[in-house]
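# Report on the structure
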Amino acid sequence: RLEPYVVLKDSFKHMSQEELIELTPNIDFEYLFKAMGIPNVGVDRKNIVLKAHDFYVKLNDFFAKRSAESLIPYLRWHLVYNLSPLLSHEFLDATLKVDANLMGISSQPARWHKCVAATKSALPDTVDKLFIENFFSEDDRQVALTMLDYIRSAFKSDLESVTWMSED
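Conventions and cut-offs
Residues numbered from 1 in each chain as written. Predicted model: local features only at pLDDT ≥ 70, side-chain atom pairs only at ≥ 80, totals over all residues. Heavy atoms only, no water. Phe/Tyr/Trp six-rings, centres within 6.5 Å; stacked < 30°, edge-to-face > 60°. Helix = DSSP H or I, 4+ residues; strand = E, 2+ residues; numbered from the N terminus. Buried < 20%, exposed > 50% of the residue type's maximum accessible area, 1.4 Å probe, protein only. Lys NZ or Arg CZ within 6 Å of the ring centre and 35° of its normal. Patch = residues over 30% accessible without salt bridge, like charges linked within 9 Å, V, L, I, M, F, W, Y side chains within 5 Å. Areas by Shrake-Rupley, 256 points an atom, 1.4 Å probe, with all protein chains shown as cover. Salt bridge = Lys/Arg side-chain N within 4 Å of Asp/Glu carboxyl O.

### A short note on the packing of aromatic side chains
With the rule as written, the count across this model stands at seven aromatic pairs. Seen from their ring centres, Phe-55 and Tyr-56 are 5.2 Å apart, and the 85 degrees between their planes marks the pair as edge-to-face. An angle of 20 degrees between the planes, with centres 4.9 Å apart, marks the rings of Trp-77 and Tyr-81 as stacked. You can see Trp-77 and its partner Tyr-81 sitting in helix α4 (residues 72-83), four residues apart, about one turn around the helix. On the accessibility criterion, Tyr-81 (21% relative accessible area) is partly exposed. The rings of Phe-29, Phe-33, Phe-55 and Tyr-56 are connected pair by pair, giving a single aromatic cluster. Here the guanidinium or amino end of Lys-51 rests over the ring plane of Phe-12, the centre of that ring lying 5.4 Å away.

Spelled out as structure tokens, the structure:
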């Protein structure tokens, strides 16, 4: 099921740790923040930015009905599914069957395609640099820099108008 469309500015909720814990009492964020070495995040001000509010509400509901251990099969499946390109052909064939049922994919991508995707995933900056060196003209570079200037300007303008962010 697709999530409902939310305007970008409305999709971020700024909360305090207390508000997050109140919203998700079945998720131990206090423990998580301590384990991450940031026990005071969201204590003095609303500096926790929640991107997918509905997701956390549903995750909280999930943990109200089930234990964390019930996620183990799901996480195990995702681990095997995501590592299947690195495993034997039996795993690749099983993944293809899943992909065929879920997404209508009828064949494995060519080996070169998987190699390119793996390289892009592992070395994104290097691949980007090679692409730019080989396929970007000076005119393309100037257009891209102009676009970046517009994006930076819009971002700066947005930052100046937000009420939740302090001058610090």
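Okay, back to it.
### Re a nonpolar patch on the surface
Side chains of Leu-79, Val-80, Leu-83, Leu-86, Leu-87 and Phe-91 sit close together on the surface and give an oily, nonpolar patch of about 540 Å² of accessible area. If one sorts the elements of the nonpolar patch by residue count, α4 sits on top with three residues. Along the chain, the position of Leu-86 falls in the loop between α4 and α5 (89-103). Judged by its relative accessible area of 70%, Leu-86 falls in the exposed class.

### A few points about the pattern of salt bridges
Counted by the stated rule, this structure contains four salt bridges. The salt bridge partner of Lys-129 is Glu-133, with a shortest N-O separation of 3.1 Å. Of this pair, Lys-129 and Glu-133 both sit in helix α7 (residues 124-135), four residues apart, which is roughly one turn of the helix. The closest approach of N and O atoms between Asp-149 and Arg-152, which form a salt bridge, is 3.5 Å. Note that Asp-149 and Arg-152 are positioned in helix α8 (residues 138-161) at a spacing of three residues, about one turn of the helix.

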